[in-house]
Amino acid sequence: MLQSRMPNQEKEQTFLSQFGKSEESKEFYSPIPEGYKQGETRYVVVLGTVMSGLGKGIFSSSLAKLLQDKGLTVTPVKLEGYLNIDSGTLNPFRHGEVFVLDDGTETDMDLGTYERILDQDLSRLNFTTAGQIYTEILSRERAGGYLGRDVQMIPHVTGEVKRRLRQLAIDAGKNGKQADVVFVEVGGTVGDYENGFYIEALRELAYEEGPDSTCFVALTYIVEPQILGEQKSKPAQLGIKRLMETGIQPHLVACRAELPVTDTVIQKISMFSNVPKECVFSMHDRESIYTIPDAMRAEGLDRQILSILSLHSKVDAIAEDKARVDWKSYTNAISAERMHNINIGILGKYTSIRDAYASIDKAIEHASTHLSAKTTIKWIDVTDFDTTNADSKLEAQDLDAVIVPGGFGERGIEGKLASVKWAREHGIPFLGICLGFQMAVVEFARNVVGLDGANSTEIELNCAFPVIDELPDQKEIEGLGGTMRLGGQDVQITEGSFAAQLFGATHVRERFRHRYEVEPKFIEQLTNAGLIFSGRHPEHEIMQVLELPATVHPYFVAGQFHPELTSRPLRPQPMFMGLVAAAIAHRTGETCPSHIDERWLASKSTPSTV
Ligand code: GLN
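The numbers attached to residues start from 1 for each chain and follow its sequence in the written order. The predicted origin of the model limits local features to residues at a pLDDT of at least 70 and limits the giving and counting of side-chain atom pairs to 80 or more, whereas totals for whole chains, interfaces and linings rest on all residues. To get the side-chain values, all heavy atoms of the structure are used, and hydrogens and water are removed first.

Caption draft 1: Quick look at the environment of M51. Strands here are runs of E lasting at least two residues and helices are runs of H or I lasting at least four, both read from the DSSP assignment and numbered beginning at the N terminus. Locating M51 in the fold gives a position in the loop between β1 (42–48) and α3 (56–69). Assessed through its relative accessible area of 36%, M51 is described here as partly exposed. For the pair M51 and F99, spaced 48 residues apart in the sequence, the C-alpha separation amounts to 23 Å. We call two residues in contact whenever any of their non-hydrogen atoms come within 4.5 Å of each other. M51 has contacts with T189 and Y221, leaving out every residue within four places of it along the chain. Categorising residues by exposure relies on relative accessible area from a 1.4 Å probe, with only protein chains included: less than 20% of the type maximum marks a residue as buried, more than 50% marks it as exposed, and the intermediate range marks it as partly exposed.

Caption draft 2: Just the site of the ligand, in detail. A single heavy atom is enough: if one lies within 4 Å of a molecule or strand, its residue is considered near that molecule or strand. In the neighbourhood of the ligand, the contacting residues comprise G406, G407, F408, C434, L435, Q438, E458, R513, H514, R515, Y516 and H562. Residue Q438 places a side-chain N or O atom 3.1 Å away from an oxygen atom belonging to the ligand. Considering the ligand on its own, with 300 Å² of exposed area, one finds that the protein chains cover 99% of that surface. Counting only elements with at least two residues in the shell around the ligand, the list comes to α17 (435–449) and β17 (507–514). Throughout this entry, Asp, Glu, Lys and Arg are counted as charged residues, while Ala, Val, Leu, Ile, Met, Phe, Trp, Tyr, Cys and Pro are counted as nonpolar. The remaining residues, Gly among them, count as polar. Taken together, the residues of the shell around the ligand sort by class into four nonpolar, five polar and three charged. For the purposes of these results, a polar contact is taken to be a pair of N or O atoms within 3.5 Å, where, inside protein, one atom must be able to donate a hydrogen and its partner to accept one; residues adjacent in sequence count only when each atom of the pair is a side-chain atom. Throughout, the Shrake-Rupley method with a 1.4 Å probe supplies accessible areas, and for residues the shown protein chains are the sole cover considered.

Caption draft 3: Representation of the packing of aromatic side chains within the structure. Put simply, two rings from Phe, Tyr or Trp (the six-membered ring, in Trp's case) pair if the centres are within 6.5 Å, and we call them stacked under 30 degrees between planes, edge-to-face over 60, tilted for the rest. Tallied over the full model, the rule gives 11 aromatic pairs. Ring centres of Y290 and Y330 lie 5.8 Å apart, and the angle between their planes is 75 degrees; this geometry places the pair in the edge-to-face category. Linking Y290 in the loop between β9 (280–284) and α11 (292–298) with Y330 in helix α13 (residues 317–335), this pair joins segments that are 40 residues apart in sequence. Under the relative-accessibility criterion, Y330 is labelled buried at 2%. Ring geometry for F498 against Y555: centres 5.7 Å apart, planes inclined by 85 degrees, an arrangement best described as edge-to-face. Of the two residues, F498 sits in helix α19 (residues 498–503) while Y555 sits in the loop between β20 (543–547) and β21 (556–559), which places them 57 residues apart along the sequence. With relative accessibility at 15%, the residue F498 sits in the buried group. The exposure class of Y555 is buried, given its relative accessible area of 1%. A connected cluster of aromatic rings, assembled from ring pairs, spans Y134, F197 and Y198. Our definition puts a charge over a ring when NZ of Lys or CZ of Arg is within 6 Å of the ring centre and also within 35 degrees of the ring normal. Its guanidinium or amino end placed over the ring of F512, R485 lies 4.5 Å from that ring's centre, counting from NZ or CZ.

Caption draft 4: Inspection of α3 at higher detail. Compared with the 20 Å implied by 1.5 Å per residue over 14 residues, the 20 Å span of α3 between its first and last C-alpha is a close match. Along α3, 13 of the 14 residues are buried, which leaves the element largely enclosed by surrounding structure. An expected span of 1.5 Å times one less than the residue number is assigned to each helix.

Caption draft 5: Here's a closer look at the pattern of salt bridges. Between Lys or Arg on one side and Asp or Glu on the other, a salt bridge is scored when a side-chain nitrogen of the former is within 4 Å of a carboxyl oxygen of the latter. One pass over the structure, following the stated rule, counts 47 salt bridges. Here R509 makes a salt bridge to D490, at a shortest N to O gap of 3.1 Å. Taken together, the residues R509 in strand β17 and D490 in strand β16 (residues 485–493) connect sequence positions 19 residues apart. Since its relative accessible area comes to 33%, D490 is described here as partly exposed. What emerges from the salt-bridge pattern is a single network uniting K65, D69, K70, D294, R297, D302, E320 and K328.

Caption draft 6: Expanded view of the sheet that holds β1. A strand pair is defined by DSSP finding two or more bridges across the two strands. Strand order in the open sheet made by the seven strands is β5-β2-β6-β1-β7-β8-β9, with parallel pairing throughout. Strand pairing shows two members of the sheet lacking a second neighbour, β5 (127–129) and β9, which therefore form its edges. Neighbouring strand axes in the sheet, compared pairwise and without regard to direction, differ in orientation by 20 degrees on average. Two elements, β1 and strand β6 (residues 181–186), share five bridges in a ladder whose sense is parallel. From the neighbouring strand, V45 faces β6, where its bridge partner is V184. Angles here are taken between N-to-C directions and fall from 0 to 180 degrees, while the axes themselves are lines fitted to C-alpha atoms, restricted in helices to the stretch in contact. The strands touched by helix α6 (residues 130–142) within the sheet are β2 (74–80) and β5, with β5 carrying the most contacts at an inclination of about 70 degrees. Sheet strands touched by helix α7 (residues 153–171): β1, β2, β5 and β6. Its angle to β2, the strand with the most contacts, is close to 155 degrees.

Structure, rendered in structure tokens:
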């Protein structure tokens, strides 16, 4: 077995301590970054078997939270097998939303799960693709970095993987110490061609780092075919066996299933995978993913992992008590009976694929939980809406609020514009996000200012009034990957505005991903007609938040950024809180914004406040 116990003095003599002296070190490659201290960091590796899309990220982040709550420094990383450099050019239909980090990295939606559950801002170091690894190796090769040596999958590619993980351990550390635990999630499933080198690299890492250094988790799936009416473990067994063929013995097995996994199945999985029963966890469907950390704790998984990694001595019990009370306040609210029932419409073009709007879904969930609202999200495809039919189609949905989300390209635009008009004219609470912000400007320009033919040049290059136009920097750029205005930027909020009341601050930081903006030469005309730009770039003339006055509309707010990306369970994003509060007011007939709850206006601390 890979992690067999060794006597103590032998432990000191691990492979890594001898590694620098070996032949490998003369071969132009070192998987050990300068300053790396072996033994200071442990690794938890989560691998999928049977099929992908089961929630490796959810499992991994929940486990990471358990250790974070105990006062340990944790950092996650997702290893993607695809050759793209980042997720920026991936179609949300195929791959879910593109999650943008504060440093501008465009990543997989799983990074959103990590940020939300760990309440931690991540960076490019927490996201690796095969494309990044190969690019790095090939550039090094062209620069003569491997002269005289054939560049190989092993040791060079696997070495680069290990180097990155160790570098992350250094960079994510605190107070001069490396991170206590790096959580590594491998994309895809064991047996895929494209992630094979990651799995080999992780096997090597565990060997080099020595006993008690690495905990392997196999996430698997328990099928329950309707015709049989019982849970079957064979696909899971075969999947785990496949993992063992790579030389990796799992320490924990997480079984995804619709219903709680039966004792018989747990016993079988345990027997066939050499994993003690206490380390086989039933990860069945739950009301909310945020209840999973508590469920894991209830089954003692936190103690198991401390034992596997010899980390008991690092636990800070006082920190843990506090973290548990905070989290509990949120999970209690999840299961408490809700006072209000509301419907929120998301008007987009990817509405058949909920993953395309995963963070919006979560941001609504956070705000609804805090405000005791049971929110039904209506995913409405507006591609065939226009000015003649939008009103009646929307009227039929019994909506208390609408969101026009971000997007690209022409399809569905007229439907979005007609929907914004309906919300504005009928006093329906409205939140515009990025493209939704731009559509609110175009609609206002056309129907209030009277600029017939106003549009965004993204949609109609030679329109009569280009109220939304390309950012000056963007005009110079060719190619589409990683070229937008990306990542966290400061937003100056006008004192006394509704936005200032919402945020409880006049300086906030939000995350952007756009190429187009409000054309400055139209700002005066738009504001003279009553549109308020209440959030702007601190130095440049870039409009970032808009609103209509309370005398005209109960809640008409939009951001050029993506407010959904910074919403966290314990720190819901203010624009979503405002929307949900306004939707409750719409349902109950109370006036808005006076309805906006003291609980969160008073707290005023959001992750985005700087
Ligand atoms: N397509 C618009 C732009 O590039 C909006 C982008 C978005 O919604 N993320 O500016």
